[in-house]
Amino acid sequence: MQYELKTQVITPQRQTFDHVAKRFGDKPATRYQEGSYYLQPVENFHYRPTWAPDKELYDADFSRFKLVDPHDYADPRQYYYTPYVTNRSQMHEAFARSLDYVGDHDLLDRMPQPWRDLIAQVVVPLRHLESGAQMIFSGACRFSYGTTIAQCLGYEGFDRIGNAQLISRVGLALDDGTATVLKSAKQAWVEDDSLQGLRRMVEILLVEQDWAVAVIGMDVLDMLLDALIYRHLDEEAIIGGAGAYSLLAQHIASWYPDHRKWLDALYKTWLADSEHGDANRAALSEAVSTWLPQAVDAVRALAEHADTLVDVGCAGAVTVAAEKAAEHFRALGVDVDGPGA
């Protein structure tokens, strides 16, 4: 008896979910669309939060920044759980390979001692800043309104604790896993004058009532730290015989442009909103003008300490970064007081 294999095509009765089809049309939807749109709880809440009785459990009024339709925002990276986890897994595996290479060739031990001191005293304490950022973005995820926005904030929270882990592994590699550098970094985060501006700013943002303002404050701080720690010092490390630092710093440096994609897209969506655009623009101007000068002071204190260890013009790099940060927001059409005004 002979059997013939045939392909049978089964036409689906529905192309996608009704709520997705209502927005994008009756056609096959992407997994990002099906896993992101119209999942925000909007009704049937049984109680109001006792700590904010004037609001619902999920409420757009937790921020001054509003959208007529929160789903007007879409993550340009189209991240839902699977591609996000896959991408970040590859990032951490690449970092592990770089760390193994650095360790196998004793590159950290071969660095000039001033550069080893700079990494221990300036870079490694930033693991605590990243940990604080994780809590800031996790809180923003909870209080934001609209799934497409909330999931970006949630992934950012995961990113920040991942960054803290990467920095911690650098600290462990510096002292052969004894954790001496990590313990000193924790003490420095609490006590050293050069770090108190950063610590103070993170702690204030942790209790900021408007989740969007907390995100903006953290963003301007990130702009300056990225320019100083992962751009300027990266270049100077190559010139100064500390190439091991450059090999390891590249991984967080490559994360930052990906982080900018979703955040700048959110700013543009706020500003383009048909009903709330002008109010969002005013609120963004106020937030940046408030937090950018504080970020500049905080990062400059760290940069001045770095210059006492390795004189490579860190303080000047902060001034340039502050100008660029202000211009970044002005390019979006936002008035900014402070650097370059």
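Keep in mind the model is a prediction, meaning the values are calculated, not measured.

*Asks:* So what's going on with the overall build of the chain? Which residues, and what values?
*Replies:* Across its full length, the chain holds 12 helices and 0 strands. From first element to last, N terminus to C terminus, the chain shows the α and β order α-α-α-α-α-α-α-α-α-α-α-α. Across its three principal directions, the C-alpha atoms of the chain cover 70 × 70 × 40 Å. The contacts of the chain with a sequence gap of at least 6 include a subset with a gap of at least 24, amounting to 73%. Here the chain has roughly 16,800 Å² of accessible surface; of this, 51% comes from carbon and sulfur atoms. Taking the average location of the 31 positive side-chain charges in the chain and that of its 49 negative ones, the two points are 5 Å from each other.

*Asks:* How would you sum up the packing of helix 4 (residues 113-123) against helix 6 (residues 147-174)? Please name residues and give values.
*Replies:* Orientation of helix 4 relative to helix 6, taken along the N-to-C sense of each, is 140°, at an axis distance of 11 Å. Considering the angle they form, helix 4 stands oblique to helix 6. Our pair here, helix 4 against helix 6, has a crossing hand that is left-handed. Facing Arg116, Ile119, Ala120 and Val123 of helix 4, the residues of helix 6 in contact are Ile167, Val170 and Leu174. A class-by-class count of the residues in the contact of helix 4 with helix 6 yields 6 nonpolar, no polar and 1 charged.

*Asks:* I'd like a description of the packing of helix 5 (residues 126-143) against helix 7 (residues 180-191), backed by residues and values.
*Replies:* Interaxial distance between helix 5 and helix 7 falls to 8 Å at its minimum, and their mutual angle equals 65°. Comparing the axis directions of helix 5 and helix 7 gives the class roughly perpendicular. In this structure, helix 5 contributes Arg127, His128 and Leu129 to the contact, and helix 7 contributes Leu182, Ala185, Lys186 and Trp189. The residue makeup of the contact of helix 5 with helix 7, split by class, is 4 nonpolar, 1 polar and 2 charged.

*Asks:* Go over the pattern of salt bridges, please, and point to the residues and values.
*Replies:* As enumerated under the stated definition, the model contains 20 salt bridges in all. One salt bridge in this structure joins Glu130 and Arg160, with 2.7 Å as the shortest N-O distance. Taken together, the positions of Glu130 in helix 5 and Arg160 in helix 6 put the pair 30 residues apart, joining distant regions of the chain. The pair Glu130 / Arg160 is uniform in exposure class, with both members buried. Of the charged contacts in the structure, one is a salt bridge between Asp222 and Arg160, with a shortest N-O distance of 2.8 Å. On the criterion of sequence distance, the pair formed by Asp222 in helix 9 (residues 211-239) and Arg160 in helix 6 is long-range, its members being 62 residues apart. Relative accessible area serves as the criterion here: at 5%, Asp222 is assigned to the buried category. Under the relative-accessibility criterion, Arg160 is labelled buried at 0%.

*Asks:* Break down helix 3 (residues 81-104) for me, with residues and values.
*Replies:* Over its 24 residues, helix 3 runs 34 Å from end to end, which matches the ideal 34 Å to within 8%, given 1.5 Å per residue. Restricting attention to buried positions, one finds in helix 3 the residues Tyr84, Arg88, Met91, Phe95, Ala96, Ser98, Leu99 and Val102.

*Asks:* Please set out the nonpolar core residue by residue, giving values where relevant.
*Replies:* Ranked by size, the top nonpolar core spans 99 residues in total, and within it Leu198, Leu221, Ile229, Tyr245 and Phe329 carry the most contacts. Looking at this core element by element, the count peaks at 17 residues for helix 9.

*Asks:* Which residues make up the side chain of Asp59, and what are the values?
*Replies:* Assignment of secondary structure puts Asp59 in the loop between helix 2 (31-34) and helix 3. Salt bridges are absent for the buried Asp59, whose nearest opposite-charge side chain, Arg48, sits at 5.1 Å. At a separation of 2.9 Å, a polar atom in the side chain of Asp59 contacts the main-chain amide nitrogen of Asp61. When sequence neighbours within four positions are dropped, the list of residues in contact with Asp59 reads Phe143 and Tyr145.

*Asks:* Tell me what's going on with a nonpolar patch on the surface, and back it up with residues and numbers.
*Replies:* A cluster of nonpolar side chains, contributed by Met135, Leu206 and Val207, occupies part of the molecular surface with about 280 Å² of accessible area. By the element assignment, Met135 lies in helix 5. By relative accessible area, which is 46% here, Met135 ends up partly exposed.

*Asks:* Any chance you could break down a negative patch on the surface for me, citing the residues and the numbers?
*Replies:* Together, Asp100, Asp104, Asp106 and Asp176 give the surface a local cluster of negative charge. Mapped onto the elements of the fold, Asp104 is located in helix 3.

*Asks:* Which residues make up the side chain of Arg160, and what values go with them?
*Replies:* Among the polar contacts listed, one links the side chain of Arg160 to the side chain of Glu130, at a separation of 2.7 Å. Look past the residues within four positions of Arg160 in its chain and what remains in contact with it is Leu129, Glu130, Ala133, Gln134, Phe137, Met218, Asp222, Trp255 and His259.

Cut-offs used in this document
- Residues numbered from 1 in each chain as written.
- Predicted model: local features only at pLDDT ≥ 70, side-chain atom pairs only at ≥ 80, totals over all residues.
- Heavy atoms only, no water.
- Helix = DSSP H or I, 4+ residues; strand = E, 2+ residues; numbered from the N terminus.
- Contact = heavy atoms within 4.5 Å.
- Areas by Shrake-Rupley, 256 points an atom, 1.4 Å probe, with all protein chains shown as cover.
- Lys, Arg positive; Asp, Glu negative; His and termini not counted.
- Charge placed at Lys NZ, Arg CZ, Asp CG, Glu CD.
- Axes fitted to C-alpha atoms, helices over the stretch in contact; angles between N-to-C directions.
- Parallel < 35°, antiparallel > 145°, perpendicular 65-115°, else oblique.
- Left-handed = near helix turned anticlockwise from the far one by under 90°.
- Nonpolar A, V, L, I, M, F, W, Y, C, P; charged D, E, K, R; others polar.
- Salt bridge = Lys/Arg side-chain N within 4 Å of Asp/Glu carboxyl O.
- Buried < 20%, exposed > 50% of the residue type's maximum accessible area, 1.4 Å probe, protein only.
- Expected span 1.5 Å × (residues − 1).
- Core = buried A, V, L, I, M, F, W, Y, C linked by side-chain atoms within 4.5 Å.
- Polar contact = N/O pair within 3.5 Å; in protein donor to acceptor, adjacent residues only side chain to side chain.
- Patch = residues over 30% accessible without salt bridge, like charges linked within 9 Å, V, L, I, M, F, W, Y side chains within 5 Å.

The values reported here are purely geometric and, on their own, carry no functional implication.
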